[in-house]
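Here are the chains, one letter per residue:
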Amino acid sequence: MIIGNFFSNDKNFISLTFCFITSEKIYHLKNKNTSFYFLSIDPIEIHKRKLFLWFSHLPQEEKQFGGFFSPETMHVDPLILERDAEERAGLLCSPFQTQTHCNRSVTVEQLFQHTDTWSEGRGLNVLIYGAVGTGKSTVVRKLVLDWCAGTTLSHFQLLIPFSCEDLSQLSKVTSLRDLVSRKYLHLKKHPLLSGEGNQAKNVLFLFNGMEKMQLDFRIGASELCSDPNEGLPPSVVVVNLLRKYLLPETSILITTRLSALDCIPQKYVTRYAQICGFNDPSRQRAYFTSRLLKQSDTAYNQEAQDLVELLYLNLQRESQLAAACFLPSYCWLTCATLHFLHFTNTKAPIRTLTGIYTSFLRLNFGGEVLGTGAGTNMPIQEHQSSLMLYVVRTVGKLAFEGVTYKRTSFSEAELEQWIGGKTKTDEELRQLAMFRTDVLDFFLAPSIESGKCISQDLRENNERQYVFAVPAMQEYLAALYVVLGENKSALEKLTNKVSVAIGQASEDVNALVNIFSKFIPLRIFAVFNLLKLFPKLYEKISSLNKGSIARTMAAELFRTEDSYNEDVLDQVEQSLLGVHGPQQQQYSERQPFELYPIFMGGLLHYGNRVLLQQLGCSIQSTTVAQITRAIRKYLVRELNKPQPPEELMDLLVLLYEFQNPRLTAEVLTSIRAIRLTNIRMTSLKCFILSSVLSCTPASYYLEELDLSSCLLTNDMLQMLWPAFRQTYSLNLQFNILGPESCSLLRDLLLDPRSVIRSLKLCDNPLLESGVQILVEALPENQSLTNLSLMHTGLGDEGVLDMAKRLQQHKRLQELNVAYNNIGDDAALFLVDACREHPSIQTVHLYLNPLSKVAKQSLYAQGVPRSHSGQRVKVLASVTEGTDLSENWHPILSVIRENASSWDQQHVIQQLKVFLEDLEWGHQQQQSLWKRLHFRRVEKGVRKILKMLENNLPPSKK
């Protein structure tokens, strides 16, 4: 209890009391008239609070999930196996191995329990190692947070974490105590680090990422030191701690990568432990549940639960995804992708698929360098290169070759050829060995024998095949390889080097020429001007290369053989959740790489270029400008050709990934109709469509926006609102829009900026209540001319209410209320109202239970309503009295296309009524030609009847 009291005999002073619960010391100071109680704050408590704040901080990449979770709720412990010194570099177990491990599964706390070999007065040195992506940093962060909360390693009074990357940047000598106080000022001169007695036994040092330090345990290179106050290079301080020469009572936890295991001699390590990731689907499921289910909004809870179930089913099949999710990093990528695909909304920050993959690489390779390795005397800072850039030049090259030749699997010989096949020097071989040990398995995994995308020759040779852990990663790395310019031709590489050399030389020569210009004849100046010519030649060749990149993007996006594949977002989802039910027919035997051009466009976005710059991969602004100028021309050229809905959706995704409003506007101005029929729309696709169309100028309008058979819901309509205001003809047929959607559609028609002329809502369960809300917009709307409400559950009441409001809307020309269970009286009342309307020309009433008498009356009432001679066309059957209806063909076409989704018994009954009408009309005809015409129509009706009775698909004609 902290108490601070102020007592005074002076009445002008006020007595104050402060209370704070903690375990601090209280000091009492007395004076003549006052009494003070001062608090001495415990530095360890301050240390715990600050560590908790630092390690609770989530990186920017984690905030894209919506911020519903904390580090405590999203953590799932990976498998940690204790290893003997002899087997410390042993192979990992199979991702699908579920039997008991020969090594003991342990926790970090168990690793610090004293063993039989432990000696009094000496702390433990525990080395935890693992490949990239297995979860080393996550384990460290959870360990620190649990220690701060007092739930683990509570027998250590003080835990001091260090980043080895940070320590490697220090060049000045410093003592251990100064090193600690430099990072943690509140621990300055703390008695636990004084070296007196055995107080240091309560201290645990944590060194994360030991591979980033060059530790030399030779006596000649790292002098012995036992004084925590003596100044030494940071690496020497760490070496003496590990030797147990400096503060031998302290315990030390080290994390490192596989390639750096031998950097610390075996005699200085008490226990080895290997982080093996998520070795079974149950751990993976726990991770997915914490990410998708526990953190999701309540409104999406059921959808998130369904996603987790589908994902778990795919993992249980021992799929390639299960092998990838053996690494927790790929579990993160899977969750981030599914969150992007299913939980994107207008309130969330803008995210792109390219951005997710770039963030994924930054999380795993941010700040990572490929140093000289162990055994070299050169400091790591003096010779290091970006690890990510090395990945692009090796694995990216392999990915590019695979995309070029439409391959997803590679043999061991091909890996040897493409990754490190041209290494010459010892340093390059050393870097290659480190890369293969630590990183290669992160991107490539043995292929699960499915027989897909593996040639017959390779299967016959029984040669082991490797594939990218996630198929989309191959396309991302191939795109990055191209955009970074690593696929330059030999001519361009040569001209680049010569251009740089001559460009630098020309500056020096120009300076000399300016000095000697008074003594040299003018004609000699022409020789020096040639030096300026070569860089311009290189620039010309370079611009041609950028044009080829743009041409490749357009060609890959609009490949003819991929035209009928599912859109690219559905392909991404299927790669994660698997295909449930019958698979869609593939029109091409080769593997489609439709994400490849989309990633190329997304990598040009400024936000992704900034992240790549942090990874050591620089994309120049001039390169972006040249590619952008060229891609516009190629996209416009392709859009002048008819494109299937799937290809059009892929184009919208490409423009969205670009995040370039000017380019998007220039491309879309060449499009006057967007037809996405049968595309399975999701909240993400709706968001993409609205976002892309919002880039166009205010004067831009679509002639048609076709979203029929897209599984649209009311929530999706909310996201599509901006797109609806930019279209003249809106087709929302065959969706699942209910009465609640009519409120939004009514507001849309009442919007002064709305220009909708045609609104098609056929085959949506709007019901009478919904249509009554919708027609409230008729009096004030000034644009609608065509309203289609076929098969919407309208009923008599809905028709009567609509008929009363028709006179208040003066522009409507065509009204379709077919197949709505409308009776005789309601139909007659509606046609009477249409006859009095100044502009209505056509009314559709077929497939309603109308009597023959009512049909005759409808045709009679549709005859001239005024002196103008205009009449209302009433389409109630394929006949009009004794004659054929001139609209019999459209009526049968509509029935043939949609009969399979309607109530077949009702349609069959109505078709039989058509046959009766045709037979009666045929008997009334005297002309042979008209009789033949009746038989032709009758034949068409019987074909549809046969199709329904035999459950056959509709014919293409």
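Residues numbered from 1 in each chain as written. Predicted model: local features only at pLDDT ≥ 70, side-chain atom pairs only at ≥ 80, totals over all residues. Heavy atoms only, no water.

## Details of the sheet that holds strand β10 (residues 271-275)
Strand order in the open sheet made by the 6 strands is β5-β10-β6-β9-β8-β7, with mixed pairing throughout. Of all strands in the sheet, those bounded by a partner on one side alone are β5 (80-83) and β7 (158-163). The mean angle between the axes of side-by-side strands here comes to 20°, regardless of whether they run parallel or antiparallel. With 5 bridges joining them, strand β8 (residues 203-208) and strand β9 (residues 251-256) adopt parallel strand pairing. In the sheet register, Asn208 faces β9, and the bridge partner there is Thr255. (Pairing = 2+ DSSP bridges. Helix = DSSP H or I, 4+ residues; strand = E, 2+ residues; numbered from the N terminus. Axes fitted to C-alpha atoms, helices over the stretch in contact; angles between N-to-C directions.)

## Details of the packing of aromatic side chains
The way to describe two aromatic rings as a pair is by their centre distance and the angle between their planes. As enumerated under the stated definition, the model contains 25 aromatic pairs in all. Ring centres of Phe365 and Phe443 lie 5.6 Å apart, and the angle between their planes is 10°; on these two criteria the pair is classed as stacked. In this pair, Phe365 is assigned in helix α12 (residues 353-365) and Phe443 in helix α16 (residues 440-443), connecting sequence segments 78 residues apart. What links up through ring pairs into an aromatic cluster is the set Tyr330, Trp332, Phe360, Phe365, Phe442 and Phe443. Against the face of Tyr634 rests Lys633, its NZ or CZ located 5.1 Å from the ring centre. (Phe/Tyr/Trp six-rings, centres within 6.5 Å; stacked < 30°, edge-to-face > 60°. Lys NZ or Arg CZ within 6 Å of the ring centre and 35° of its normal.)

## Notes on the pairing of β7
Each regular strand displays side chains that alternate between the two surfaces of the sheet. Most of β7 sits inside the fold, with 5 of its 6 residues counted as buried. In terms of strand pairing, β7 meets β8 through 6 bridges, oriented parallel. Directly across from Leu159, in β8, lies its bridge partner Leu204. (Buried < 20%, exposed > 50% of the residue type's maximum accessible area, 1.4 Å probe, protein only.)

## Considerations on the packing of helix α13 (residues 387-404) against helix α18 (residues 471-483)
Any two packed helices are characterised by how steeply their axes cross, that is the angle between the axes, and by the distance between the axes. Relative to each other, α13 and α18 sit at 110°, their axes nearing to 7 Å. Taken together, the axes of α13 and α18 are roughly perpendicular relative to one another. Between α13 and α18, the residues in contact are Met388, Val391, Val392, Val395, Gly396, Lys397, Ala399, Phe400, Gly402 and Val403 and Gln474, Leu477, Ala478, Leu480, Tyr481 and Val482, respectively. In the contact of α13 with α18, the residues fall into 12 nonpolar, 3 polar and 1 charged. (Parallel < 35°, antiparallel > 145°, perpendicular 65-115°, else oblique. Contact = heavy atoms within 4.5 Å. Nonpolar A, V, L, I, M, F, W, Y, C, P; charged D, E, K, R; others polar.)

## So, the environment of Glu780
Looking at where Glu780 falls in the secondary structure, it is placed in the loop between α31 (767-774) and β20 (786-788). Looking at Glu780, the relative accessible area reads 61%, which means it is exposed. For the pair Glu780 and Lys810, spaced 30 residues apart in sequence, the C-alpha to C-alpha distance is 9.9 Å.

## Describing the sheet that holds strand β15 (residues 465-468)
Taken in spatial order, the 3 strands of this open sheet run β13-β15-β14, and their pairing is antiparallel. Single-partner strands in this sheet number two, and they are β13 (409-411) and β14 (444-446). Each neighbouring strand pair of the sheet contributes to a mean axis angle of 40°, computed without reference to strand direction. Bridge count for β13 against β15 is 3 bridges, and the pairing is antiparallel. What sits directly across from Ser411, in β15, is Gln465.

## Notes on the environment of Asp567
Assignment of secondary structure puts Asp567 in the loop between α21 (533-557) and α22 (568-577). By relative accessible area, Asp567 is classed as buried at 2%. Along the chain, Asp567 and Pro645 lie 78 residues apart, while their C-alpha atoms are 8.3 Å from each other. Not counting residues within four places of it along the chain, the set of residues in contact with Asp567 comprises Glu646, Met649, Asp650, Ile679 and Lys685. Here the side chain of Asp567 touches Leu569 through a polar contact of 3.2 Å, landing on its backbone nitrogen. (Polar contact = N/O pair within 3.5 Å; in protein donor to acceptor, adjacent residues only side chain to side chain.)

## Observations concerning empty space enclosed by the protein
Take a probe with the size of a water molecule and roll it over the atoms, and the empty space left behind shows itself. What the rule picks out here adds up to 2 cavities of 30 Å³ or more. Here the largest cavity defines a volume of roughly 60 Å³. Looking at the largest cavity, the residues that line it are Leu341, His342, Leu569, Asp570, Glu573, Arg680, Thr682, Leu684 and Lys685. Where the lining of the largest cavity is concerned, the elements lending two or more residues are α11 (328-342), α22 and α28 (683-693). In terms of residue class, the lining of the largest cavity is built from 3 nonpolar, 2 polar and 4 charged. Around the second largest cavity, the lining residues are Phe340, Thr344, Asn345, Ala348, Pro349, Ile350, Arg351, Tyr656 and Phe687. Counted by class, the lining of the second largest cavity contains 6 nonpolar, 2 polar and 1 charged residues. (1 Å grid on protein atoms, 1.4 Å probe; cavity = no way out; pocket = protein on both sides within 12 Å on 5 of 7 lines; lining within 4 Å. Points joined across faces, edges and corners; volume = space filled by probe spheres on them.)

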